[in-house]
Amino acid sequence: MSETCVFCQAAKGKAKLEKIYEDKEIIAALHPRPASKGHIIVFSKTHYNIVEQIPDYVIGDIFKKINKLSVAAFEGVKSQGTNIIIQNGVAAGQEIPHICIHIIPRNENDGINFQWQPKQLTEEEMSNVELSLKQEAENIGGFQKEEKAKPIKLDEKKPEKILSDEENYLIKQLNRIP
Amino acid sequence: MPEQQMTPEQVKSMQEKIKNMSPEELKEFQKKQCIFCQIISGKVASKKIYEDEICMAILDINPANPGHILLMPKEHYQIMPMIPDDELAHLSMVSKALSHVMLKALKAQGTTIFVANGIAAGQRAQHFMIHVIPRKEGDKLPLDIPQTELSSQEMSAVKKAVEGRVKAVLKIKEESVKVEEKEAEEEKAAEVKEEKPEKVEEAEGKPKKEKEKYEEKGVKEKPKPKKKKKTAKKKTAKKTAKKKKPVKKKEQEEEGGVGLDDIAKLLQ
């Protein structure tokens, strides 16, 4: 994946991007074809296709930085507001299969319109949706807020040693028999 | 928002009243006016999908697509920069989980996670929220991000401006840490002179910055009886906020301005 993925290439420094921030986790760069002046894309150096693949502690960290970066963009271009958009999946307009977050500085009458027309749902449709979402949402929780330490494989070497000792012992025994 | 009919005089007096409010009173006032705060406190009915001690997710009654969820912090914040880091991190984790819920329960083909900060960005409510919208191919929602061409001069000008602010935002953060450290030292020195009851409280494990601050100030300005100290605490707490996040504060003020107008509009 990483050979063909633009963002992975960028993380390795192999793609041209107007970087404005970089740390060990993420890169923030100006969008080459911005929706507005100061449009920033933020992506992780690790390859994740969609939001669901990002570990909890990573997405938490990304959002903290997004918050700071959006303030920087807001002030840098003296805008009146910001949009933060994640297109998660092709159906949502995601073009590159490496999740990326857009920070778009906004001004009144800037010609951008994200205002959707509300859909009219019947009471029944609404409660059907509510029910199925609620059922599934019961599983939410147990967030992994910190990276788990990698398990130290204690018992991997020991048996080997015991075995080899045993083997040696057995070999000795075998050697003794004749 | 509940529709209220007010005469122009009433609107005017209301605007005057708002102008004369202290930041604390203003926050209270905004909370009272905020429909989402009322939803969170259970005074207004909603279709709740998820709730924990920090946030709550409900169905949008004017959904972009069926299943459109609004995730909001229980505390009243107008815009994202006002939210403390920990709460924001929690919100991001919940929105990820909600997105996953949509993919599973509604068989959505994708999700859009959308935040609007400020009226210019399309923010309608005075309460910060994250929209999580289930998507289907061909649903024709106007959420495609437009693309424009900028000249390389324009690009580098923007880069320079934004990069400068990024550094400033981060630098300010570092400075505030230093300020805090200094104050901690001063506070330690002050503590020696401070009366004992204060110390006991400190030892009980409430080493909050605000507290440190007010103790420090209390000592600096001459020790005051307890009652008065409380006000000193409030004032210094405000100061802390200003010192720590001057950048954010600035934005808050600007956004706050917009907020007032909006409240006034809604009241009309």
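Above: the structure in question.
All values derive from a computational prediction rather than experimental measurement.

**Comments concerning the overall build of chain B**
Phase 1: Along chain B, the regular secondary structure elements total nine helices and five strands.
Phase 2: The linear arrangement of helices and strands in chain B, starting from the amino end, is α-α-α-β-β-β-α-β-β-α-α-α-α-α.
Phase 3: Scored against the burial criterion, the 268 residues of chain B give a buried share of 44%.
Phase 4: Taking contacts inside chain B between residues at least 6 apart in sequence as the whole, the part at least 24 apart equals 60%.
Phase 5: Accessible area of chain B: about 14900 Å², with a carbon and sulfur share of 54%.

**Considerations on the pairing of strand β2 (residues 55-59) of chain B**
Residue and element names in this part refer to chain B.
Phase 1: Along β2, five of the five residues are buried, which leaves the element largely enclosed by surrounding structure.
Phase 2: Residues Cys55, Ala57 and Leu59 of β2 are buried on one face, and the alternating residues Met56 and Ile58, pointing to the opposite face, are buried as well.
Phase 3: Note: strand β1 (residues 48-51) against β2, three bridges, orientation antiparallel. When the sheet's bridge partners are listed, Glu51 is paired in β2 with Met56.
Phase 4: Hairpin connection between β1 and β2: a loop of three residues separates the two successive antiparallel strands.
Phase 5: For β2 and strand β3 (residues 69-73), the ladder comprises five bridges, and the chain directions are antiparallel. The residue bridging Cys55 from the neighbouring strand is Pro73, located in β3.

**Side note on the interface of chain A and chain B**
Phase 1: Listed as interface residues are 76 residues of chain A and, on the opposing side, 84 residues of chain B.
Phase 2: Of the roughly 7300 Å² buried between chain A and chain B on both sides combined, carbon and sulfur atoms contribute 65%.
Phase 3: Among the residues of chain A in contact with chain B, Lys68(A), Trp116(A) and Leu133(A) are the three that bury the most area, contributing 11% of the side total.
Phase 4: At the surface where chain A touches chain B, the tally comes to nine salt bridges.
Phase 5: Between Lys37(A) and Glu154(B) there is a salt bridge; the shortest N-O distance is 3.5 Å.
Phase 6: At the boundary of chain A with chain B, the tally comes to 28 residue pairs in polar contact (both at pLDDT 80 or more).
Phase 7: Looking at the side of chain A that touches chain B, the elements that each hand over two or more residues are β1 (18-22), α2 (56-76), β4 (81-88), β5 (100-106) and α3 (123-137) of chain A.

**Description of the environment of Asp23(A)**
Residues and elements named next belong to chain A.
Phase 1: Its place among the elements puts Asp23 in the loop between β1 and β2 (26-30).
Phase 2: Asp23 sits in the buried class, given a relative accessible area of 17%.
Phase 3: Along the chain, Asp23 and Ser44 lie 21 residues apart, while their C-alpha atoms are 9.6 Å from each other.
Phase 4: Dropping the residues within four chain positions of it, Asp23 is found in contact with Lys45 and Lys65.
Phase 5: A polar contact of 2.8 Å, which involves the side chain of Asp23, links it to the backbone nitrogen of Ile26.

**Quick look at the packing of aromatic side chains**
Phase 1: A full pass over the atoms with the stated rule returns three aromatic pairs over all chains.
Phase 2: Ring centres of Trp116(A) and Phe114(B) lie 5.4 Å apart, and the angle between their planes is 75°; on these two criteria the pair is classed as edge-to-face. Note that Trp116(A) is positioned in the loop between β5 and α3 and Phe114(B) in strand β4 (residues 110-117), a pairing that runs across two chains.
Phase 3: When its relative accessible area of 6% is taken as the criterion, Trp116(A) is described as buried.
Phase 4: Given a relative accessible area of 2%, Phe114(B) falls into the buried group.
Phase 5: Following the ring pairs from residue to residue traces out a cluster consisting of Phe114(A), Trp116(A) and Phe114(B).

**Structural notes on the side chain of His39(A)**
Phase 1: With respect to the helices and strands, the residue His39(A) is situated in the loop between β2 and β3 (40-44).
Phase 2: In terms of polar contacts, His39(A) uses its side chain to reach the side chain of His102(A), at 2.9 Å.
Phase 3: Not counting the four nearest positions on each side in its chain, His39(A) is found in contact with Ala29(A), Leu30(A), His31(A), Pro34(A), His102(A), Ile103(A), Ile104(A), Pro105(A) and Ile145(B).

**Section: the pattern of salt bridges**
Phase 1: Taken as a whole and judged by the stated rule, the model has 19 salt bridges over all chains.
Phase 2: Here Asp61(A) and Lys65(A) are joined by a salt bridge, their closest N and O atoms 2.7 Å apart. Residue Asp61(A) and its partner Lys65(A) are both found in helix α2; the two are separated by four residues, about one turn of the helix.
Phase 3: The salt bridge involving Glu123(A) is made with Lys47(B); its shortest N-O contact spans 3.3 Å. On the criterion of chain membership, the pair formed by Glu123(A) in helix α3 and Lys47(B) in the loop between α3 (35-40) and β1 is interchain, its members lying in two chains.
Phase 4: Given the relative accessible area of 59%, Glu123(A) is considered exposed.
Phase 5: Exposure remark for Lys47(B): the relative accessible area of 22% places this residue in the partly exposed category.
Phase 6: Taken together, the shared-partner salt bridges connect Glu123(A), Glu130(A), Lys134(A) and Lys47(B) into one network.

Conventions used here
- Residues numbered from 1 in each chain as written.
- Chains lettered and ligands numbered in written order.
- Predicted model: local features only at pLDDT ≥ 70, side-chain atom pairs only at ≥ 80, totals over all residues.
- Heavy atoms only, no water.
- Helix = DSSP H or I, 4+ residues; strand = E, 2+ residues; numbered from the N terminus.
- Buried < 20%, exposed > 50% of the residue type's maximum accessible area, 1.4 Å probe, protein only.
- Contact = heavy atoms within 4.5 Å.
- Areas by Shrake-Rupley, 256 points an atom, 1.4 Å probe, with all protein chains shown as cover.
- Pairing = 2+ DSSP bridges.
- Buried area = accessible area lost by both parts, 1.4 Å probe.
- Salt bridge = Lys/Arg side-chain N within 4 Å of Asp/Glu carboxyl O.
- Polar contact = N/O pair within 3.5 Å; in protein donor to acceptor, adjacent residues only side chain to side chain.
- Phe/Tyr/Trp six-rings, centres within 6.5 Å; stacked < 30°, edge-to-face > 60°.

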